[in-house]
Amino acid sequence: MLNPWELMCLAREKKVTQRVFRDLYCEFGGIRLRFDGEAGWREKRACSQYTGNFGCSVHLGRPLACRLFPLGREIQSEEVHYMYQENEFPCLEGCPEVSELPFLNVGEYLKGQQTERFEKAQDEYLALMQNLADIAFELLLDTGLAESGDKETLSMWRKMGNELPEVLAARIGTELMESLMIPDIQDETDNPITFARKHRDLLQLKAQEKFGALQSNKEIQNACVLIMGVALHLARGLGANPEILSEHWINTAKNHGAVE
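Throughout what follows, the structure given in this document is the object of discussion. (Residues numbered from 1 in each chain as written. Predicted model: local features only at pLDDT ≥ 70, side-chain atom pairs only at ≥ 80, totals over all residues. Heavy atoms only, no water.)

Below, the discussion takes up the side chain of His233. Locating His233 in the fold gives a position in helix H10 (residues 217-237). Owing to a relative accessible area of 0%, His233 belongs among the buried residues under this scheme. With residues up to four places along the chain from it excluded, the contact list for His233 reads Phe28, Ile31, Pro165, Leu168, Ala169, Ile172, Met177 and Leu180. (Helix = DSSP H or I, 4+ residues; strand = E, 2+ residues; numbered from the N terminus. Buried < 20%, exposed > 50% of the residue type's maximum accessible area, 1.4 Å probe, protein only. Contact = heavy atoms within 4.5 Å.)

So this is what it looks like as structure tokens:
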């Protein structure tokens, strides 16, 4: 899974544009690398960036998911937790590439994998995801839409939380997907925090341009659904569960007067 800064890093390492890298090597509008390479250990298909007899062709730009493997990472109450997910990665058992590697503690492993910048990028994009959801909340709760008795918006949030990623990407549409995954940011690309915050500002401008002159409740509803769809799609690229998130956001909206 990829966030937009990681997509930029991969494209730079490949020496192509973000759009070219996304179109050649990614799925669902850019949030996941394709695994369409040669079959290898236990006949599992390799990542699109794996080259036989060489390894990862974009190793220096590899995303956090690759750097953490086989660890998982989650944030609870602003604390970061790491989990060893051996049972979820049965391909590790007996794998000749890893069976002879030394045992390391988590700190040593993370340092060796140089995860720090990539973890910062992940956390900034989690904040950006919530920022997008907040825009959807404002459209629902602060415009009079919820007070009008609207019951369709929350149902659509739930539907999007359960949609296949390719279906949700198609719903969002090309214009917003490009704004989400290939932002026009030319400087500060080495600093993930600055990059993500500039991206947040660009997305806010895009939302203002696209939805700044809404008049009818139907227009507001459509905008509210689209923005929440973008938040849920980004969430999937960050490794979050869109179904769980959509239910959380639905319950939050209900607690503030929205109905379904």
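More follows now that the structure is in view.
For helix H7 (residues 165-172), the set of buried residues is Pro165, Leu168, Ala169 and Ile172. Taken around the axis of H7, the buried residues stretch over an arc of 100 degrees, which confines them to a single face. Where H7 is buried, its residues contact helix H6 (152-161), helix H8 (174-181) and H10. Trailing H7 by a residue or two, Gly173 shows a phi angle of about 95 degrees, which is positive. (Arc of directions from axis to C-beta.)

Packing of helix H1 (residues 4-14) against helix H9 (residues 192-211) brings their axes to within 10 Å, and their N-to-C directions diverge by 120 degrees. Taken together, the axes of H1 and H9 are oblique relative to one another. In this structure, H1 crosses over H9, and the sense of that crossing is right-handed. Residue-level contacts link Pro4, Trp5 and Met8 of H1 to Pro192, Phe195 and His199 of H9. In terms of residue class, the contact of H1 with H9 is built from five nonpolar, one polar and no charged. (Axes fitted to C-alpha atoms, helices over the stretch in contact; angles between N-to-C directions. Parallel < 35°, antiparallel > 145°, perpendicular 65-115°, else oblique. Left-handed = near helix turned anticlockwise from the far one by under 90°. Nonpolar A, V, L, I, M, F, W, Y, C, P; charged D, E, K, R; others polar.)

On to the pattern of salt bridges. Should the charged atoms of two oppositely charged side chains come close, the side chains can pair. One pass over the full model with this rule turns up 18 salt bridges. For Arg32, the salt bridge goes to Glu27, with nearest N and O atoms at 2.7 Å. Across the pair Glu260 and Lys254 runs a salt bridge, and its minimum N-O distance is 3.1 Å. The exposure class assigned to Glu260 is partly exposed, which follows from its relative accessible area of 34%. Here the salt bridges share partners, and the residues they tie into one network are Arg19, Arg22, Asp23 and Glu178. (Salt bridge = Lys/Arg side-chain N within 4 Å of Asp/Glu carboxyl O.)

The next point concerns the environment of Met83. Mapped onto the elements, Met83 comes out in strand S6 (residues 79-84). A C-alpha to C-alpha distance of 24 Å links Met83 and Leu232, two positions 149 residues apart in sequence. Other than its neighbours up to four places away in sequence, Met83 contacts Pro70, Leu71, Gly72, Arg73 and Glu74.

On to the nonpolar core, then. For soluble globular proteins, the rule of thumb is that nonpolar side chains tend to be buried together. Counting residues in each nonpolar core, the largest one holds 67 residues, and the members touching the most others are Leu140, Trp157, Met228 and Trp249. No other element matches the 12 residues that helix H5 (residues 116-141) contributes to this core. Those residues within four positions of Met228 in sequence are excluded, and the remaining contacts are Ala133, Ala136, Trp157, Met160 and Trp249. (Core = buried A, V, L, I, M, F, W, Y, C linked by side-chain atoms within 4.5 Å.)

We now examine the packing of aromatic side chains. Summed over the entire model, instances satisfying the criterion amount to three aromatic pairs. With 4.9 Å between their ring centres and 55 degrees between their planes, Phe21 and Tyr25 make a pair best called tilted. Separated by four residues within a single helix, Phe21 and Tyr25 lie in helix H2 (residues 18-25), roughly one turn from each other. Take Phe21: its relative accessible area is 0%, and that puts it in the buried class. On the numbers, 5.5 Å between centres and 90 degrees between planes, the contact of Phe137 with Trp157 is edge-to-face. Taken together, the residues span a long stretch of sequence, with Phe137 in helix H5 and Trp157 in helix H6 at a distance of 20 residues. For the pair Phe137 and Trp157, a shared accessibility class is recorded, and that class is buried. (Phe/Tyr/Trp six-rings, centres within 6.5 Å; stacked < 30°, edge-to-face > 60°.)

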